[in-house]
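Architecture and fold: a report
Listed below are the residues making up each chain.
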Amino acid sequence: MLKNNGKKIGRNDPCPCGSGKKYKKCCMNKETPAPVNYKNLYADKYNIRLKSQKDIEQIRVCGKLVVETLDLVEAAIEPGVTTDELNTLAHDFAVKNGATPAPLNYRGFPKSICTSVNEVICHGIPGELELKDGDIVNVDVTHNLNGYYADANKTFFVGEPGPEAKKIVSVAAQSLKASLEMLKPGNHIGDIGWAIQRYAEGEGCSVVREFVGHGVGFEFHEPPQVPHYGKRGKGIMLVPNMVFTVEPMINLGKADLFIADDNWTAITADRKLSAQFEQTFVITEDGFESLTPFEL
Ligand code: MF3
Ligand code: CO
Ligand code: CO
(Lines give C-alpha, C1' and ligand atoms only; values in the text may rest on other atoms or scores of the structure.)
(Ligands and ions follow the chains in the order given, each with its own letter.)
Protein backbone atom coordinates (compact mmCIF):
# COMPACT_ATOMS: atom_id res chain seq x y z
CA MET A 1 0.00 0.00 0.00
CA LEU A 2 1.31 3.41 -0.95
CA LYS A 3 2.10 5.52 1.99
CA ASN A 4 3.28 9.03 2.42
CA ASN A 5 4.45 10.76 5.54
CA GLY A 6 3.54 7.64 7.51
CA LYS A 7 -0.18 8.05 6.68
CA LYS A 8 -2.28 5.73 4.56
CA ILE A 9 -3.66 7.35 1.45
CA GLY A 10 -7.48 7.41 1.43
CA ARG A 11 -9.55 6.36 -1.64
CA ASN A 12 -10.79 9.90 -2.05
CA ASP A 13 -7.47 11.65 -1.40
CA PRO A 14 -5.61 13.26 -4.29
CA CYS A 15 -3.45 10.64 -6.00
CA PRO A 16 0.18 10.89 -4.86
CA CYS A 17 1.35 10.57 -8.46
CA GLY A 18 0.34 14.19 -8.85
CA SER A 19 -2.28 13.66 -11.56
CA GLY A 20 -4.84 15.74 -9.67
CA LYS A 21 -7.32 12.83 -9.81
CA LYS A 22 -8.67 10.98 -6.80
CA TYR A 23 -6.47 8.09 -5.70
CA LYS A 24 -9.27 5.54 -6.41
CA LYS A 25 -9.69 6.89 -9.97
CA CYS A 26 -5.95 6.81 -10.62
CA CYS A 27 -3.14 4.68 -9.15
CA MET A 28 -5.05 2.82 -6.39
CA ASN A 29 -5.70 -0.30 -8.43
CA LYS A 30 -2.64 -0.22 -10.65
CA GLU A 31 -0.26 -3.18 -10.29
CA THR A 32 2.75 -0.89 -10.13
CA PRO A 33 1.69 2.48 -8.83
CA ALA A 34 3.20 5.49 -10.58
CA PRO A 35 6.18 6.90 -8.71
CA VAL A 36 5.17 9.68 -6.35
CA ASN A 37 5.40 13.07 -8.02
CA TYR A 38 6.64 15.06 -5.04
CA LYS A 39 6.81 18.30 -6.99
CA ASN A 40 3.03 18.39 -7.45
CA LEU A 41 2.26 16.65 -4.16
CA TYR A 42 4.35 19.05 -2.06
CA ALA A 43 3.03 22.08 -3.92
CA ASP A 44 -0.60 21.01 -3.39
CA LYS A 45 -0.31 19.66 0.10
CA TYR A 46 2.20 21.99 1.77
CA ASN A 47 2.69 24.92 -0.59
CA ILE A 48 6.36 23.85 -0.82
CA ARG A 49 8.01 24.54 -4.17
CA LEU A 50 10.66 21.91 -4.89
CA LYS A 51 13.54 23.25 -6.96
CA SER A 52 14.87 22.07 -10.33
CA GLN A 53 18.59 21.43 -10.92
CA LYS A 54 18.73 24.81 -12.72
CA ASP A 55 17.12 26.55 -9.73
CA ILE A 56 19.57 24.87 -7.37
CA GLU A 57 22.53 25.97 -9.48
CA GLN A 58 21.30 29.59 -9.31
CA ILE A 59 20.80 29.43 -5.52
CA ARG A 60 24.31 27.94 -5.23
CA VAL A 61 25.79 30.87 -7.17
CA CYS A 62 23.91 33.32 -4.93
CA GLY A 63 25.03 31.34 -1.87
CA LYS A 64 28.65 31.68 -2.89
CA LEU A 65 28.23 35.46 -2.96
CA VAL A 66 26.55 35.36 0.47
CA VAL A 67 29.48 33.44 1.97
CA GLU A 68 31.99 35.80 0.32
CA THR A 69 30.07 38.68 1.89
CA LEU A 70 30.32 37.07 5.33
CA ASP A 71 34.09 36.63 4.80
CA LEU A 72 34.47 40.26 3.76
CA VAL A 73 32.56 41.49 6.81
CA GLU A 74 34.52 39.17 9.12
CA ALA A 75 37.81 40.67 7.92
CA ALA A 76 36.57 44.13 8.95
CA ILE A 77 35.42 43.20 12.45
CA GLU A 78 37.53 44.78 15.20
CA PRO A 79 36.95 46.93 18.26
CA GLY A 80 35.75 50.41 17.26
CA VAL A 81 34.00 49.42 14.03
CA THR A 82 30.30 50.30 13.91
CA THR A 83 27.63 47.87 12.76
CA ASP A 84 26.60 50.43 10.15
CA GLU A 85 30.10 50.23 8.64
CA LEU A 86 29.65 46.45 8.32
CA ASN A 87 26.28 47.07 6.67
CA THR A 88 27.83 49.44 4.12
CA LEU A 89 30.58 46.93 3.29
CA ALA A 90 28.07 44.13 2.71
CA HIS A 91 25.65 46.33 0.79
CA ASP A 92 28.27 47.72 -1.59
CA PHE A 93 29.79 44.28 -2.19
CA ALA A 94 26.37 42.81 -3.03
CA VAL A 95 25.50 45.60 -5.44
CA LYS A 96 28.94 45.52 -7.09
CA ASN A 97 28.31 41.82 -7.80
CA GLY A 98 24.87 42.35 -9.28
CA ALA A 99 22.87 41.28 -6.22
CA THR A 100 20.21 42.98 -4.13
CA PRO A 101 20.44 42.68 -0.33
CA ALA A 102 17.13 41.06 0.58
CA PRO A 103 16.60 42.58 4.05
CA LEU A 104 16.60 46.18 2.76
CA ASN A 105 12.95 47.35 2.87
CA TYR A 106 11.78 43.79 3.63
CA ARG A 107 8.62 44.39 5.70
CA GLY A 108 10.08 47.77 6.52
CA PHE A 109 13.54 46.57 7.65
CA PRO A 110 15.79 49.62 7.10
CA LYS A 111 19.20 48.01 6.39
CA SER A 112 20.90 45.45 4.13
CA ILE A 113 22.08 42.93 6.74
CA CYS A 114 21.21 42.07 10.34
CA THR A 115 23.87 42.63 13.01
CA SER A 116 23.01 41.12 16.38
CA VAL A 117 25.41 41.87 19.24
CA ASN A 118 25.73 39.92 22.52
CA GLU A 119 22.24 39.54 24.08
CA VAL A 120 20.58 40.36 20.76
CA ILE A 121 19.20 37.09 19.38
CA CYS A 122 18.50 38.20 15.81
CA HIS A 123 17.22 41.01 13.55
CA GLY A 124 19.55 43.63 15.06
CA ILE A 125 19.54 46.79 12.94
CA PRO A 126 22.97 48.15 11.93
CA GLY A 127 23.65 51.61 13.34
CA GLU A 128 26.07 53.77 15.30
CA LEU A 129 26.87 51.04 17.84
CA GLU A 130 30.65 50.51 18.08
CA LEU A 131 31.82 46.93 18.57
CA LYS A 132 34.09 46.49 21.56
CA ASP A 133 36.66 43.93 22.67
CA GLY A 134 34.95 40.77 23.96
CA ASP A 135 31.65 41.28 22.10
CA ILE A 136 30.10 38.68 19.87
CA VAL A 137 28.28 39.79 16.71
CA ASN A 138 26.06 37.75 14.42
CA VAL A 139 26.01 38.90 10.82
CA ASP A 140 23.05 37.60 8.77
CA VAL A 141 23.30 38.01 5.00
CA THR A 142 20.58 37.26 2.45
CA HIS A 143 21.06 38.29 -1.17
CA ASN A 144 18.85 38.10 -4.23
CA LEU A 145 20.91 37.28 -7.34
CA ASN A 146 19.11 36.87 -10.67
CA GLY A 147 15.84 36.33 -8.81
CA TYR A 148 17.19 33.63 -6.47
CA TYR A 149 17.72 33.96 -2.72
CA ALA A 150 20.34 32.41 -0.43
CA ASP A 151 20.52 33.07 3.31
CA ALA A 152 23.34 32.44 5.81
CA ASN A 153 24.73 33.83 9.04
CA LYS A 154 27.67 33.44 11.40
CA THR A 155 28.56 34.74 14.84
CA PHE A 156 32.01 36.36 15.15
CA PHE A 157 34.22 37.35 18.08
CA VAL A 158 35.31 40.95 18.43
CA GLY A 159 38.89 40.98 19.75
CA GLU A 160 39.46 38.41 22.53
CA PRO A 161 36.43 36.38 23.67
CA GLY A 162 35.73 35.60 27.31
CA PRO A 163 34.63 32.11 28.44
CA GLU A 164 30.89 32.77 28.04
CA ALA A 165 31.35 34.10 24.51
CA LYS A 166 33.45 31.07 23.59
CA LYS A 167 30.87 28.72 25.06
CA ILE A 168 27.76 30.13 23.37
CA VAL A 169 29.40 30.56 19.96
CA SER A 170 30.70 26.99 20.06
CA VAL A 171 27.34 25.54 21.16
CA ALA A 172 25.50 27.50 18.44
CA ALA A 173 27.87 26.30 15.71
CA GLN A 174 27.74 22.70 16.92
CA SER A 175 23.93 22.89 17.17
CA LEU A 176 23.75 23.57 13.44
CA LYS A 177 26.30 20.82 12.87
CA ALA A 178 24.21 18.37 14.95
CA SER A 179 21.31 18.88 12.55
CA LEU A 180 23.28 17.85 9.48
CA GLU A 181 22.99 14.11 10.02
CA MET A 182 19.19 14.52 9.86
CA LEU A 183 19.23 16.13 6.42
CA LYS A 184 18.29 13.26 4.13
CA PRO A 185 15.21 11.98 2.30
CA GLY A 186 12.81 10.00 4.48
CA ASN A 187 13.67 11.93 7.64
CA HIS A 188 11.21 14.52 8.92
CA ILE A 189 11.35 18.23 9.79
CA GLY A 190 10.90 17.28 13.46
CA ASP A 191 14.13 15.26 13.39
CA ILE A 192 16.10 18.45 12.67
CA GLY A 193 14.78 20.30 15.71
CA TRP A 194 15.07 17.19 17.84
CA ALA A 195 18.80 16.86 17.08
CA ILE A 196 19.43 20.55 17.76
CA GLN A 197 17.44 20.62 20.98
CA ARG A 198 19.05 17.45 22.32
CA TYR A 199 22.55 18.81 21.74
CA ALA A 200 21.99 22.43 22.87
CA GLU A 201 19.99 21.59 26.01
CA GLY A 202 22.53 18.86 26.80
CA GLU A 203 25.11 21.65 26.93
CA GLY A 204 22.92 23.56 29.42
CA CYS A 205 21.80 26.13 26.83
CA SER A 206 18.31 26.89 25.49
CA VAL A 207 16.69 26.98 22.05
CA VAL A 208 14.73 30.02 20.84
CA ARG A 209 11.18 29.09 19.78
CA GLU A 210 9.89 32.28 18.16
CA PHE A 211 12.08 32.20 15.04
CA VAL A 212 12.49 29.24 12.71
CA GLY A 213 14.35 28.11 9.62
CA HIS A 214 12.41 28.37 6.37
CA GLY A 215 12.15 27.40 2.75
CA VAL A 216 14.16 29.77 0.58
CA GLY A 217 15.18 30.25 -3.06
CA PHE A 218 12.32 31.74 -5.04
CA GLU A 219 11.48 34.01 -2.12
CA PHE A 220 13.22 35.19 1.06
CA HIS A 221 10.88 33.14 3.23
CA GLU A 222 8.88 30.21 1.84
CA PRO A 223 7.21 27.17 3.41
CA PRO A 224 8.08 25.01 5.24
CA GLN A 225 8.94 26.35 8.66
CA VAL A 226 11.86 24.55 10.29
CA PRO A 227 11.67 24.75 14.11
CA HIS A 228 14.89 24.22 16.03
CA TYR A 229 13.14 22.07 18.64
CA GLY A 230 10.90 19.08 18.03
CA LYS A 231 10.10 15.41 18.09
CA ARG A 232 11.59 12.58 16.06
CA GLY A 233 9.51 11.54 13.05
CA LYS A 234 7.10 14.51 13.31
CA GLY A 235 6.36 17.04 10.61
CA ILE A 236 6.79 17.00 6.85
CA MET A 237 9.00 14.33 5.31
CA LEU A 238 12.21 15.56 3.66
CA VAL A 239 12.41 14.82 -0.07
CA PRO A 240 15.06 15.59 -2.70
CA ASN A 241 15.15 19.16 -4.06
CA MET A 242 13.67 20.78 -0.95
CA VAL A 243 15.68 23.93 -0.21
CA PHE A 244 15.50 25.45 3.27
CA THR A 245 17.57 27.06 5.99
CA VAL A 246 18.50 25.72 9.39
CA GLU A 247 19.43 28.57 11.72
CA PRO A 248 19.28 27.69 15.42
CA MET A 249 19.37 30.61 17.86
CA ILE A 250 20.91 29.34 21.10
CA ASN A 251 20.82 31.19 24.42
CA LEU A 252 23.27 30.84 27.29
CA GLY A 253 20.42 31.39 29.78
CA LYS A 254 16.67 31.07 29.29
CA ALA A 255 14.91 30.89 25.92
CA ASP A 256 12.57 33.83 26.61
CA LEU A 257 12.88 37.01 24.60
CA PHE A 258 11.35 40.40 23.98
CA ILE A 259 11.25 42.68 20.95
CA ALA A 260 12.74 46.17 21.29
CA ASP A 261 10.88 49.40 20.50
CA ASP A 262 12.26 49.37 16.94
CA ASN A 263 9.89 46.38 16.38
CA TRP A 264 12.77 44.21 15.06
CA THR A 265 15.57 43.63 17.58
CA ALA A 266 14.97 40.38 19.50
CA ILE A 267 16.72 40.36 22.90
CA THR A 268 17.10 37.67 25.57
CA ALA A 269 14.78 38.38 28.51
CA ASP A 270 17.58 37.60 30.98
CA ARG A 271 20.08 39.67 28.93
CA LYS A 272 22.45 36.70 28.66
CA LEU A 273 24.37 35.96 25.46
CA SER A 274 22.78 34.43 22.34
CA ALA A 275 24.47 33.11 19.20
CA GLN A 276 23.40 31.70 15.84
CA PHE A 277 24.71 30.05 12.69
CA GLU A 278 22.65 29.59 9.50
CA GLN A 279 23.11 27.88 6.16
CA THR A 280 20.87 27.20 3.15
CA PHE A 281 20.60 23.49 2.35
CA VAL A 282 19.21 21.37 -0.48
CA ILE A 283 18.09 17.80 0.19
CA THR A 284 19.72 15.44 -2.34
CA GLU A 285 19.01 11.78 -3.23
CA ASP A 286 21.26 10.55 -0.43
CA GLY A 287 21.68 13.46 1.97
CA PHE A 288 22.20 17.18 1.56
CA GLU A 289 24.39 19.87 0.08
CA SER A 290 25.01 23.24 1.68
CA LEU A 291 24.41 26.01 -0.85
CA THR A 292 26.14 28.46 1.53
CA PRO A 293 29.00 26.25 2.69
CA PHE A 294 31.39 27.12 5.50
CA GLU A 295 33.15 25.08 8.19
CA LEU A 296 31.39 24.53 11.49
N1 MF3 B 1 17.91 36.61 7.40
C2 MF3 B 1 16.90 36.39 8.42
C3 MF3 B 1 16.58 34.92 8.36
O4 MF3 B 1 17.47 34.16 8.53
C5 MF3 B 1 15.69 37.22 8.22
C6 MF3 B 1 15.94 38.65 8.40
S7 MF3 B 1 14.50 39.50 8.10
C8 MF3 B 1 15.03 41.08 8.12
O9 MF3 B 1 15.50 34.49 8.07
F10 MF3 B 1 14.06 41.79 7.68
F11 MF3 B 1 15.36 41.38 9.33
F12 MF3 B 1 16.07 41.19 7.34
CO1 CO C 1 16.92 32.55 7.32
CO1 CO D 1 19.29 34.74 7.63
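Residues numbered from 1 in each chain as written. Chains lettered and ligands numbered in written order. Predicted model: local features only at pLDDT ≥ 70, side-chain atom pairs only at ≥ 80, totals over all residues. Heavy atoms only, no water.

Below, the discussion takes up the overall build of the protein. Counting secondary structure elements, the protein contains 5 helices and 17 strands. For 296 residues, the compact-globule formula gives about 19 Å, and the C-alpha radius of gyration of the protein, at 20 Å, lands near that figure. With respect to the three principal axes, the spread of C-alpha positions in the protein is 70 × 45 × 35 Å. Sorting the 296 residues of the protein into buried and exposed places 53% on the buried side. A separation of at least 24 residues holds for 66% of the contacts in the protein among residues at least 6 apart in sequence. Distance from the positive charge centre (33 side chains) to the negative charge centre (38 side chains) of the protein: 15 Å. (Helix = DSSP H or I, 4+ residues; strand = E, 2+ residues; numbered from the N terminus. Rg over C-alpha atoms; globule rule 2.2 N^0.38 Å. Buried < 20%, exposed > 50% of the residue type's maximum accessible area, 1.4 Å probe, protein only. Contact = heavy atoms within 4.5 Å. Lys, Arg positive; Asp, Glu negative; His and termini not counted. Charge placed at Lys NZ, Arg CZ, Asp CG, Glu CD.)

Counted by the stated rule, this structure contains 7 aromatic pairs. A centroid spacing of 5.6 Å and a plane angle of 85 degrees characterise the contact between Tyr38 and Tyr42, whose relative ring orientation is edge-to-face. Placement of both Tyr38 and Tyr42 in helix H1 (residues 38-46) is noted, with a separation of 4 residues, approximately one turn of the helix. A residue is classified by how much of its surface remains accessible, and Tyr38, at 24% relative accessible area, is partly exposed. Ring geometry for Tyr149 and Phe220: centres 6.2 Å apart, planes at 10 degrees, overall stacked. Note that Tyr149 is positioned in strand S7 (residues 148-157) and Phe220 in the loop between strand S9 (213-215) and strand S10 (222-226), a separation of 71 residues in sequence. An identical accessibility class is assigned to Tyr149 and Phe220; each is buried. One cation-aromatic arrangement involves Lys154 over Phe294; the distance from NZ or CZ to the ring centre is 4.6 Å. A cation over a ring is seen here: Arg232 above Trp194, with NZ or CZ 4.7 Å from the ring centre. (Phe/Tyr/Trp six-rings, centres within 6.5 Å; stacked < 30°, edge-to-face > 60°. Lys NZ or Arg CZ within 6 Å of the ring centre and 35° of its normal.)

Glancing now at the site of ligand 1. As a structural note, the neighbourhood of ligand 1 is formed by 14 residues, with Pro103, His214, His221, Glu247 and Glu278 the closest of them. Separating an oxygen atom of ligand 1 from a side-chain N or O atom of Asp151 is a distance of 3.1 Å. At a separation of 2.8 Å, an oxygen atom of ligand 1 approaches a polar side-chain atom of Glu247. Protein contacts shield 97% of the accessible area of ligand 1, which totals 330 Å² for the unbound molecule. Among the residues making up the shell around ligand 1, the classes are represented as 6 nonpolar, 4 polar and 4 charged. (Near = heavy atom within 4 Å. Polar contact = N/O pair within 3.5 Å; in protein donor to acceptor, adjacent residues only side chain to side chain. Areas by Shrake-Rupley, 256 points an atom, 1.4 Å probe, with all protein chains shown as cover. Nonpolar A, V, L, I, M, F, W, Y, C, P; charged D, E, K, R; others polar.)

With antiparallel pairing, the 3 strands of this open sheet are ordered in space as S5-S14-S13. The outermost strands of the open sheet, each flanked by one partner alone, are strand S5 (120-122) and strand S13 (257-259). The average undirected angle you get between the axes of adjacent strands in this sheet is 40 degrees. Bridging between S13 and strand S14 (residues 266-268) involves 3 bridges; their strand directions are antiparallel. Residue pairing for S14: Leu257 is matched across the bridge by Thr268. (Pairing = 2+ DSSP bridges. Axes fitted to C-alpha atoms, helices over the stretch in contact; angles between N-to-C directions.)

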